[in-house]
Amino acid sequence: MSSSSPARTSPARTPRALALAAAALLGGGVLTACGTDGDAGAGDDGPTVVASTTVYADIAEQVAGGNASVESVISDPAADPHSYEASPADAAAVAGADLVVYNGAGYDAFVDMALDNAGDVPVVRGVDEFERVTGASVDGHDHAEEDHADGDHHADGDHSHEAAENEHVWFSLPTAAAVAERVAEELAAIDSGNAEQYRDNARAFADALTPLEARLDEIHDRGHFPYAQTERVGAHLFEAAHLTDLTPRGFLASVEDDTDPSAADLAAMLDLLAERRVAFLAFNTQTETSVTARVRDAAEDADLAVVDLTETLPEGADYIGWMTGIVDGVSGALADATPVGDGGH
């Protein structure tokens, strides 16, 4: 379902009420309101937005202000959206929403399944907006297509195509701004009386991202810096700064496939860190395993900076503050670092 689906008008709120009533009977309370106290002003007369994760809920909330209520299906900061199983209450809430905001490309597939059984619900998908602003499509990551041949333990430095295939598109700041813009247009179609406020809020959100994009440009202009990662979560952010990923491909593939890396791949990763051939380690705290914990220990033993990443908002954080913290971490790690070659860019 594309983000340009026609918005429903007020008569469609009767099915929404029925869906939410069903959700209550099926154990509602799974969804958590993401908005501030301003949501109370929306009441039953304002649009209801349902997002897959707190990341998309926060972006939508920045656009909605107090004129719409915004709820996130996944509210637990430790939950992994890849493996989340929606409840009947979640599905009913998605089906009954005035607007659904989610990632797509199989990342939050529970939303697609709920929409399959729903009517014509307007949606905004992060991957659609990524394609709109970058021209690159995201079909989801397919490890089966990668070359995991023995001995292929070192990155070749040219992995820009991997970022384009990466479904974690909310780490692309231009994409986040585009999502906000599209949410504003969808809400404007539903609630025309507040159309200009939605659009103003989206522009303000995009303006708040501009300093972060400028900081990434500054890193890029200094040269290409090498890093390692336990999972390709922040690839789009790092690609914007033209950082060079030296993580062994086999190590990444095994982690993302939920299998243990080969002894050779693990040794290559540990050597990379011990020899300080990278400026920092990007660490996904939401999918920590005994293997990735060992990798983190190796980075800390080598006195390398560790930049923590998550796939949903940390408790109490908003999108802008969250991204600012990550960019701060990268900038700090690179403050005294020496750039390497152009990394194939």
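This write-up is about the structure you can find in this document. (Residues numbered from 1 in each chain as written. Predicted model: local features only at pLDDT ≥ 70, side-chain atom pairs only at ≥ 80, totals over all residues. Heavy atoms only, no water.)

## Focus on unusual backbone geometry
The phi torsion of most residues other than glycine is negative, and most of the peptide bonds are trans. Spelled out, the test is: Labels follow the DSSP assignment, with helices taken as runs of H or I lasting at least four residues and strands as runs of E lasting at least two, numbered in each case from the N terminus. Exposure categories follow from relative accessible area, calculated using a 1.4 Å probe and restricted to protein chains: below 20% of the type maximum is buried, above 50% is exposed, and the middle band is partly exposed.
The backbone of Ala-105 shows a phi angle near 60°, a positive value even though the residue is not glycine. Along the chain, the position of Ala-105 falls in the loop between strand S4 (99-102) and helix H4 (109-116). Phi is positive for Asp-303, close to 60°, though the residue is something other than glycine. In this structure, Asp-303 sits in the loop between helix H12 (290-301) and strand S9 (305-309). On the basis of relative accessibility, which here comes to 65%, the residue Asp-303 falls in the exposed class.

## Let's talk about the packing of helix H2 (residues 54-64) against helix H8 (residues 195-222)
Convention followed: Axis definition: a line fitted to C-alpha atoms, over the contacting stretch in the case of helices. Angles run 0 to 180 degrees between N-to-C directions. Angular relationships are summarised with four words: roughly parallel below 35 degrees, roughly antiparallel beyond 145, roughly perpendicular across 65 to 115, and oblique for the angles in between. Any pair of residues with heavy atoms lying within 4.5 Å of one another is described as a contacting pair. Think of it as three bins: nonpolar holds Ala, Val, Leu, Ile, Met, Phe, Trp, Tyr, Cys and Pro, charged holds Asp, Glu, Lys and Arg, and polar takes everything else, Gly as well.
Contact geometry for H2 and H8: axes closest at 7 Å, N-to-C directions at 125°. Classified by the angle between their axes, H2 and H8 sit oblique to one another. Listed contacts from H8 to Ile-59, Gln-62, Val-63 and Ala-64 of H2 are Tyr-198, Asn-201, Ala-202 and Phe-205. Its residues placed into classes, the contact of H2 with H8 shows six nonpolar, two polar and no charged.

## A look at the sheet that holds strand S6 (residues 226-229)
The following threshold applies: Pairing between strands requires that DSSP locate at least two bridges from one strand to the other.
Taking strand neighbours across the sheet as the criterion, the four strands line up as S7-S6-S8-S9 in an open arrangement whose pairing is parallel. Of all the strands in the sheet, the pair left with one neighbour each is strand S7 (244-245) and S9. As judged from the two bridges shared by S6 and S7, these two strands associate in the parallel manner. Bridging from a neighbouring strand, Pro-226 pairs with Thr-244 of S7. Running over the sheet, helix H13 (residues 319-334) touches strand S8 (280-284) and S9 and is turned about 165° from S9.

## Examining the packing of aromatic side chains
Operational definition: The criterion for an aromatic pair is that two Phe, Tyr or Trp rings (for Trp, the six-membered ring) have centres within 6.5 Å, with stacked assigned to planes under 30 degrees apart, edge-to-face to planes over 60 apart and tilted to the rest. Note on criteria: charge over ring means Lys NZ or Arg CZ within 6 Å of the ring centre, with the direction from the centre no more than 35 degrees off the ring normal.
Under the definition given, this model contains 10 aromatic pairs. Centre to centre, the rings of Tyr-319 and Trp-322 are 6.1 Å apart; their planes meet at 70°, and the pair counts as edge-to-face. Of the two residues, Tyr-319 and Trp-322 are both situated in helix H13; the distance of three residues between them amounts to about one turn of the helix. For the pair Tyr-319 and Trp-322, a shared accessibility class is recorded, and that class is buried. Chaining the aromatic ring pairs together yields one cluster made of Tyr-56, Tyr-107, Trp-170, Phe-171, Phe-205, Tyr-319 and Trp-322. Sitting over the ring of Phe-283, Arg-296 keeps its end group 4.9 Å from the ring centre.

## Concerning the pairing of S8
Of all five residues in S8, five are buried, a share of seventy percent or more. Both faces of S8 are covered, namely the face carrying Phe-280, Ala-282 and Asn-284 and the face carrying Leu-281 and Phe-283. Pairing of S6 with S8, which is carried by two bridges, proceeds in the parallel orientation. Within the sheet, the bridge partner assigned to Gln-229 lies in S8 and is Ala-282.

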